Amino acid sequence: MVLLLAAVGGILLTAPAGSARIMRLRVTARKHRRAGHRAVQAGAKDSSKARR
């Protein structure tokens, strides 16, 4: 019984920390994706000027 309580307690301690880490990674990935998308668009605009 004590082992079960320890396991449940461990899950309750680690789950919020893991969820917070995943959320931070998602935000960071979204920022990098948006920055990359902007860079690609800027590059496309510059290359279209070079063609003219």
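First, a word on what this report is: a plain description of the structure on this page.

## A look at the overall build of the protein chain
When you go through the protein chain residue by residue, the secondary structure sums to one helix and zero strands. Looking at the protein chain as a whole, 0% of its 52 residues are labelled buried. Counting every atom, the protein chain has about 5,000 Å² of accessible surface; 66% of that belongs to carbon and sulfur.

## Details of a positive patch on the surface
Side chains of Arg 26, Arg 30, Arg 33, Arg 34 and Arg 38 sit close together on the surface and give a patch of like positive charge. Of the residues examined, Arg 26 reaches a relative accessible area of 52% and is grouped as exposed.

## What about a nonpolar patch on the surface?
A grouping of Met 1, Leu 4, Leu 5, Val 8 and Leu 12 is seen on the molecular surface, where their side chains present a nonpolar patch of about 580 Å² in accessible area. For Leu 5, the location among the structural elements is in helix 1 (residues 2-51). By relative accessible area, which is 57% here, Leu 5 ends up exposed.

Cut-offs and rules
- Residues numbered from 1 in each chain as written.
- Predicted model: local features only at pLDDT ≥ 70, side-chain atom pairs only at ≥ 80, totals over all residues.
- Heavy atoms only, no water.
- Helix = DSSP H or I, 4+ residues; strand = E, 2+ residues; numbered from the N terminus.
- Buried < 20%, exposed > 50% of the residue type's maximum accessible area, 1.4 Å probe, protein only.
- Areas by Shrake-Rupley, 256 points an atom, 1.4 Å probe, with all protein chains shown as cover.
- Patch = residues over 30% accessible without salt bridge, like charges linked within 9 Å, V, L, I, M, F, W, Y side chains within 5 Å.
- Salt bridge = Lys/Arg side-chain N within 4 Å of Asp/Glu carboxyl O.
- Lys, Arg positive; Asp, Glu negative; His and termini not counted.
- Charge placed at Lys NZ, Arg CZ, Asp CG, Glu CD.

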